[in-house]
Amino acid sequence: MGKVPPGLRKRGDTWYVWKTVCGLRVRQSTGTDSLEEAIRFLDHLTTAIRESQVYGKRPMRTFDQAALKYLDEGQKTTLWQDAVQIKHLRPFIGKLPLESIHMGTLGEFIAARRAQGVKTRSVNAGLQCVRHILNLAAGEWIDNTGKTWLHAAPRIKFCPETDKRKPYPLSWEEQDRLFAELPEHLRDMALFKVNTGTREAEVCNLRWQWEHEIPSLHTSVFVIPAERVKNRMDRVVVLNRIAAEVIERMRGQHPESVFTYKGKPAKKMYDSGWKNARLRAGLPQVRIHDLKHTYGRRLRAADVPEEDRKDLLGHKSGRSMTTHYSMPEISKLIAYSNRVCPDDWHKSGTIVFLEKRNRSVG
C-alpha cells in the first residue's frame, strides 16, 4: 500500500474523505477499497470544491455519491428495493458525473438487463430509481455553496412494457391448494392479504400501534401511516371476519409487529417458502401481488361499488379524507369486505389447514 495522503481514512474496506477544503467540511465515502482510486477521487473532489468556492462552479458529483446520499437519507419502506436497483446500475453509471447521465448513457444498462432475461418492469424499476435520484439532485439537495447537486434533471423515459404479465386472481380451489402448502407464518400473512387487499410491504410492516379499536362495532381497524403506503396517503385497513381471526391468532406473539417469523418481525413474503409452496400446488405463475388482485376481483364479483372497492384496496379515490370515516361508513366497508368470505370458511379453511399441519408434524 502506498502512502495515505491527509484527508483519507479507511473504515472497513472503504476509503472515506475526512477533510476540510476551503472552509467546507467534507465527510464522504469514495465508494472504493482501492487507495489509488480513492486518491484520484480526493484530488478531483478537492479541485471541484475549490472551483465552486472561487469561481462559483457547481461541484462535479457522481451517481455513486448521489446513490449513497439517497440510501443514507431515504425514508421509503421499499428503500431496500431501490438498493437492489442501484446495485445493478452502478457498473454502468456509478462513476459517471450526474450531468452525464441520460437515456443515451443508460442504454448499456437497459441492453444488459434485457440480455439477462429481466422483464421490462424490472428494467423500468431501475430507470425509475435513477430518475428519482436525479430529480432529488436537481430539486432538493443543496450543498454548502447554495447550489443544487445537479442543474437540471434529464428526461428519463420508461421502456414500453410489452411483456407485462397479466394479473392472476386465484379461484377458491387454487387458493385452498396453495395455502395448504404454505408454511404456517406465510399462510397467516397470505390469508390476511387476500382478505384485506394489502401490499406485501404493508403486511410485513404491520404494527400493533396502528390498530384502533371500534367498540361500538366490536372490531378494530388498522391505520397505516402515509409514509408506509405506496400512494403516500394514510390507509385504513378494515377487517372482515377472516382477517379478524388472523389478527386474533397473532395477538400476543410480538410486542410491536403483527406478523413474525421465528419470533422476529417478518421481512418479506416472497421467499423460498412461497416459491416451493406454489410449485407443489401446481401454481408456479402465482405472485404475492396476485393475492391483492384476487381480493379486488372478488369484491367486484360481489357487486361492491367501485368507490368502496378503491377504499378497501387502498387506492386513491374521490373521497377527500379517506381516514375520516364515520361509523356507518366503517360498518358498510366491513360488510362489503365480508362478502368475499365463504359461508363455510371454518369448514373449508381452518380445519383443512390444521389437518395439513398435523400430517407434516407427524
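Residues numbered from 1 in each chain as written. Predicted model: local features only at pLDDT ≥ 70, side-chain atom pairs only at ≥ 80, totals over all residues. Heavy atoms only, no water.

Here the focus is the overall build of the protein chain. Check the secondary structure of the protein chain and you find 14 helices and eight strands. Each principal axis of the C-alpha distribution contributes one length, and for the protein chain these read about 75 × 45 × 45 Å. Partitioning the contacts of the protein chain with sequence separation of at least 6, the portion at a separation of at least 24 is 61%. For the protein chain, the separation between the mean place of its 62 positive charges and that of its 42 negative charges on side chains is 4 Å. (Helix = DSSP H or I, 4+ residues; strand = E, 2+ residues; numbered from the N terminus. Contact = heavy atoms within 4.5 Å. Lys, Arg positive; Asp, Glu negative; His and termini not counted. Charge placed at Lys NZ, Arg CZ, Asp CG, Glu CD.)

Next up on the list: the nonpolar core. Generally speaking, a soluble globular protein has its nonpolar side chains buried in company with each other. Ranked by size, the top nonpolar core spans 37 residues in total, and within it Leu178, Phe192, Leu206, Phe222, Phe259, Met269 and Trp274 carry the most contacts. At the level of elements, helix H6 (172-181), helix H7 (184-193), helix H8 (200-204), strand E5 (219-224), helix H9 (241-250) and helix H10 (272-280) are the ones that each hand at least two residues to this core. Those residues in contact with Leu178 that lie beyond four places of it in its chain are Leu170, Trp274, Ala277, Arg278, Ala281, Leu283 and Val286. The next biggest cluster of nonpolar side chains, apart from the first, holds 28 residues, and it includes Tyr70, Leu98, Val130 and Leu150. (Core = buried A, V, L, I, M, F, W, Y, C linked by side-chain atoms within 4.5 Å. Buried < 20%, exposed > 50% of the residue type's maximum accessible area, 1.4 Å probe, protein only.)

Our focus in this paragraph is the sheet that holds strand E4 (residues 211-214). Read across the sheet, three strands follow the order E4-E5-E6 without closing on themselves; strand pairing throughout is antiparallel. Each edge of the open sheet carries a strand with a single partner, namely E4 and strand E6 (235-238). Each strand of the sheet is rotated relative to its neighbour by a mean of 30 degrees, with strand direction disregarded. Where E5 and E6 come together, four bridges link them in antiparallel fashion. Among the inter-strand pairings, Phe222 is bridged to a residue of E6, identified as Val237. Contacting E4, E5 and E6, helix H13 (residues 327-338) runs over the sheet at an angle of about 55 degrees to E6. (Pairing = 2+ DSSP bridges. Axes fitted to C-alpha atoms, helices over the stretch in contact; angles between N-to-C directions.)

All chains considered together, the criterion is met by four aromatic pairs. On the basis of an interplanar angle of 70 degrees and a centroid distance of 6.0 Å, the ring pair of Phe92 and Phe109 is categorised as edge-to-face. In this pair, Phe92 sits in helix H3 (residues 79-93) while Phe109 sits in helix H4 (residues 103-115), placing the two residues 17 residues apart along the sequence. Here Trp141 and Trp149 contribute two aromatic rings whose centre-to-centre distance is 5.3 Å and whose plane-to-plane angle is 70 degrees, an arrangement assigned as edge-to-face. In this pair, the class of Trp141 matches that of Trp149, namely buried. Arg11 extends its terminal NZ or CZ atom over the ring of Tyr16, reaching a point 4.4 Å from the ring centre. Over the ring of Trp172 we find Arg298; its NZ or CZ atom is 3.6 Å from the centre of that ring. (Phe/Tyr/Trp six-rings, centres within 6.5 Å; stacked < 30°, edge-to-face > 60°. Lys NZ or Arg CZ within 6 Å of the ring centre and 35° of its normal.)

Our focus in this paragraph is H3. For H3, with 15 residues, the first-to-last C-alpha span of 19 Å sits near the 21 Å given by 1.5 Å per residue. Its axis deflected by about 30 degrees at Lys87, H3 carries its strongest bend there, up to four residues before the proline Pro91. The inward-facing, buried residues of H3 abut helix H2 (63-73), H4 and helix H5 (120-139). (Expected span 1.5 Å × (residues − 1). Bend = angle between axes of the 7 residues up to and from the residue.)

Backbone hydrogen bonds hold the strands of a sheet together, and the pairing may be parallel or antiparallel. In spatial order, the strands read E1-E2-E3; together these three strands make up an open sheet with antiparallel pairing. Among the strands making up the open sheet, the edge pair consists of strand E1 (8-11) and strand E3 (24-29). Across the sheet, the mean angle separating the axes of adjacent strands is 20 degrees when strand polarity is ignored. Alignment of E1 against strand E2 (residues 14-21), held across four bridges, turns out to be antiparallel. Each residue of the ladder has a partner; that of Arg11, found in E2, is Thr14.

What follows covers the side chain of Arg61. Mapped onto the elements, Arg61 comes out in the loop between helix H1 (35-55) and H2. Within polar-contact distance, the side chain of Arg61 engages the side chain of Asp143 at 2.9 Å. Among all residues touching Arg61, those that are not within four sequence positions of it are Leu96, Pro97, Leu98, Asp143 and Trp149. (Polar contact = N/O pair within 3.5 Å; in protein donor to acceptor, adjacent residues only side chain to side chain.)

Quick look at the pattern of salt bridges now. Applying the stated criterion across every chain, the model contains 15 salt bridges. Residue Lys310 pairs with Glu306 through a salt bridge whose shortest N-O separation is 3.9 Å. Here Glu306 and Lys310 lie together in helix H12 (residues 306-313), a separation of four residues that amounts to about one turn. Using a relative accessible area of 26% as the deciding quantity, one classes Lys310 as partly exposed. The network of salt bridges with common partners includes Asp64, Arg90 and Lys95. (Salt bridge = Lys/Arg side-chain N within 4 Å of Asp/Glu carboxyl O.)

It is worth spelling out the confidence of the model for the protein chain at this point. Parts of the model with low pLDDT should not have their predicted coordinates read in detail. Taken as a whole, the protein chain shows an average pLDDT of 87; of its residues, 90% reach a score of 70 or greater. For residues 345-362, every residue scores under 50 in pLDDT, and the model assigns this stretch 18 contacts once sequence neighbours within four places are set aside. (pLDDT = per-residue confidence, 0-100.)

Next up on the list: the environment of Lys193. The residue Lys193 is located in helix H7 in this model. For the pair Lys193 and Val203, spaced ten residues apart in sequence, the C-alpha to C-alpha distance is 6.9 Å. Those residues in contact with Lys193, other than ones at most four positions away along the chain, are Thr198, Arg199, Glu200, Val203, Met269, Ile288, His289, Leu291 and Lys292.

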